[in-house]
Amino acid sequence: MLALGFCQIEGKMGNAKSRSGQNACSQFLPEERAEIDRLFDALSSGKHSSNTPHRSFSLQALQSHIGEALPPEMVTRLYDGMQRVNLTGTAKGPSEGVSQEQFTVSMSHLLKGNSEEKSLIILKMISATEGPVKAREVLKFTEDLVGSVVHVLDHRQQLRGWTQKKAPGCPPRVQVLAAQLFSEMKLQEGEKLLGPQQLDCDCDRAMIEDWVFRTPHVAMFLSVVIHRGFLLLCSSLNLSALLPERLVDQGREFESILDVLSVIYLNSHLPREQRHRWHLLFSSELHGHSFAQLCGLITQRGPCVMLLEDHDGHVFGGFASCSWEVKPQFQGDDRCFLFSISPSMAVYTCTGYNDHYMYLNHRQQTIPNGLGMGGQHNYFGLWIDVDFGKGHSKAKPTCTTYNSPQLSAKENFRFEKLEVWAVGDPPESQLAKSKKSILDVDPEAQILLESCGRSCHSQGLREVPEDDE
């Protein structure tokens with residue numbers, strides 16, 4: 001039987017609704033309030049419910065309901081955050097459980113609250129004390145939160161085609177992304193918390209609130225944990241904006257350099273209309289170590305993410321906001337950026353110093369042949385040489401176009417793995433191009449065929465489509 005939510009009950013026996021409870025109710029639509037009530041009813045009516053005069057649920061009840069959908073440490077954090085919400089101003093015993101009002105207020109703050117309300121619950125998820133918490137405690141909370149997102153998406157089978165590499169202990173990318181999010185925390189003087197020596201610094205409510213306000217991943221990850229972990233209000237979570245659909249042609253087996261967390265991080269920096277789908281255009285693993293093949297597969301394909309892993313394990317790349325074209329001039333616009341994934345995650349956007357966003361050239365004698373982003377000829381922020389497998393990342397002290405540091409372990413690096421992903425929907429020019437013969441798209445192929453003594457039997461039997469590019 002559906003429990004009547006406290007939102008619908010006038011004060012009885014002298015207990016009126018709290019102002020916090022009223023505000024929490026106003027955040028939800030009637031059907032949402034009913035779903036929250038149903039979940040509380042399930043949690044509080046089971047064998048693990050608290051034996052108290054007022055209905056509530058215990059940690060064991062929450063653990064039993066969630067099962068293996070979330071890591072145990074995150075379930076405990078969520079329970080502690082809800083149980084520590086003090087709506088009356090009076091002390092309550094540690095064994096009283098989570099009341100319906102505490103539950104609804106917590107859901108309201110975490111799912112629909114502002115940064116102030118979210119920071120209130122986050123602090124209670126971190127510590128039982130009312131005062132500031134240590135920076136290292138915030139970092140550990142962030143690691144637990146990031147790890148929980150991957151865990152719940154994997155458990156619910158909602159990785160959208162991406163794979164999560166299994167590793168003993170805490171996966172390195174969890175720590176890398178958590179460190180990136182934590183690095184956005186600022187001290188009261190405006191300085192960022194950088195370096196292990198600052199992990200003992202105090203972080204008060206104002207700092208946490210500012211961090212949540214400026215770091216949208218924190219609120220986004222909390223909502224994923226609640227929606228998918230609790231299976232609550234799932235229709236309001238749009239996973240395509242968080243994690244794009246992964247498309248690889250012909251169903252070929254392929255393990256990307258990227259994992260789920262690095263895709264989520266990069267995807268959040270793309271234009272919103274390009275976040276729902278990533279389509280593999282080129283992989284050195286599938287298509288070979290050929291610069292000509294790279295050029296043939298990535299040109300005129302719309303915005304792309306390119307990344308590689310050098311021989312020292314550094315993973316980095318760039319976002320090209322426009323279609324690649326083979327030509328001797330720089331191209332692109334100020335939406336382009338460079339990025340690093342390993343050993344640290346960071347995105348480097350345009351400085352406005354110059355317009356050297358993208359460069360792709362092939363078979364020229366007087367200017368460099370290769371693919372570059374940022375900087376200048378022979379001194380690119382990221383360069384892939386026509387001699388495939390070689391490149392450089394030169395930045396002393398930073399790249400003029402993107403303000404990026406040296407992305408590779410060595411200034412001149414070697415690599416074997418390179419990938420290019422088209423993002424968003426394919427451009428109209430690509431749809432038209434797909435209807436053309438390979439001989440129309442690549443005149444060199446026709447010349448090569450004729451030089452081998454092979455004739456074009458279809459020539460004259462078909463019409464060549466007009467080039468609408």
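Refer to the preceding data block for the structure.
Here is a short report on the structure shown in this document.

Rules and cut-offs
- Residues numbered from 1 in each chain as written.
- Predicted model: local features only at pLDDT ≥ 70, side-chain atom pairs only at ≥ 80, totals over all residues.
- Heavy atoms only, no water.
- Helix = DSSP H or I, 4+ residues; strand = E, 2+ residues; numbered from the N terminus.
- Buried < 20%, exposed > 50% of the residue type's maximum accessible area, 1.4 Å probe, protein only.
- Contact = heavy atoms within 4.5 Å.
- Areas by Shrake-Rupley, 256 points an atom, 1.4 Å probe, with all protein chains shown as cover.
- Pairing = 2+ DSSP bridges.
- Phe/Tyr/Trp six-rings, centres within 6.5 Å; stacked < 30°, edge-to-face > 60°.
- Core = buried A, V, L, I, M, F, W, Y, C linked by side-chain atoms within 4.5 Å.
- Expected span 1.5 Å × (residues − 1).

Describing the overall build of the chain
Then comes step 1: From N to C terminus, the chain includes 16 helices and 16 strands.
Then comes step 2: Residue burial in the chain is summarised as follows: out of 469 residues, 50% are buried.
Then comes step 3: In the chain, of all internal contacts separated by at least 6 residues, the share reaching a separation of at least 24 is 65%.
Then comes step 4: In the form shown here, the chain has an accessible surface area of approximately 22600 Å², with 49% of it arising from carbon and sulfur atoms.

Digging into the pairing of strand S8 (residues 315–320)
Regular strands place their side chains on alternate faces of the sheet.
Then comes step 1: Of all six residues making up S8, six are buried, and the element is well covered by its neighbours.
Then comes step 2: Covered by surrounding structure in S8 are Val315, Gly317 and Phe319 together with Phe316, Gly318 and Ala320, the residues of both alternating faces.
Then comes step 3: Two strands pair when backbone bridges link them, and S8 and strand S10 (residues 337–342) are joined in this way by five bridges, in the antiparallel orientation. Across the sheet, residue Gly317 finds its bridge partner in S10, namely Phe339.

Brief notes about the packing of aromatic side chains
Then comes step 1: Considering all chains together, one arrives at 19 aromatic pairs under this definition.
Then comes step 2: Judged by centre distance (5.7 Å) and plane angle (85 degrees), the rings of Phe57 and Phe103 are edge-to-face. In this pair, Phe57 sits in strand S1 (residues 56–57) while Phe103 sits in helix H5 (residues 100–112), placing the two residues 46 residues apart along the sequence. Note on accessibility: Phe57 and Phe103 belong to one class, buried.
Then comes step 3: Ring centres 6.4 Å apart and planes at 65 degrees place the aromatic pair Phe337 and Phe339 in the edge-to-face group.
Then comes step 4: Judged by relative accessible area, Phe337 falls into the buried class, the value being 3%.

Considering the nonpolar core
Then comes step 1: In terms of nonpolar packing, the biggest core is built from 94 residues, with Phe57, Phe103, Leu153, Phe230 and Trp278 touching the most fellow members.
Then comes step 2: Considering every element that reaches this core, the biggest residue donor is helix H7 (residues 135–155), with 10 residues.
Then comes step 3: Listed in part, the 32 residues of the second largest apolar core include Cys295, Ile298, Met373 and Ala422.

Looking at helix H2 (residues 30–44)
Then comes step 1: With 15 residues, H2 should reach 21 Å at 1.5 Å per residue; the first-to-last C-alpha distance of 21 Å fits that figure.
Then comes step 2: For H2, the complete set of buried residues consists of Glu32, Ile36, Asp37, Leu39, Phe40, Asp41, Leu43 and Ser44.
Then comes step 3: Packed against the buried residues of H2 are S1, helix H3 (59–66), strand S2 (98–99), H5 and helix H10 (216–230).

Description of unusual backbone geometry
Then comes step 1: Residue Ser342 is joined to Pro343 through a cis peptide bond whose omega torsion reads 15 degrees.
Then comes step 2: Counting through the fold element by element, Pro343 comes out in the loop between S10 and strand S11 (346–349).
Then comes step 3: Here the residue pair Lys396 and Pro397 is connected by a cis peptide bond, since its omega of 0 degrees sits within 30 degrees of zero.
Then comes step 4: By the element assignment, Pro397 lies in the loop between strand S15 (390–392) and strand S16 (412–423).
Then comes step 5: Even without glycine at this site, Gln300 takes up a positive phi of about 60 degrees.
Then comes step 6: Relative to the assigned elements, Gln300 resides in the loop between helix H13 (291–298) and strand S7 (304–310).
Then comes step 7: For Gln300, a relative accessible area of 17% corresponds to the buried category.

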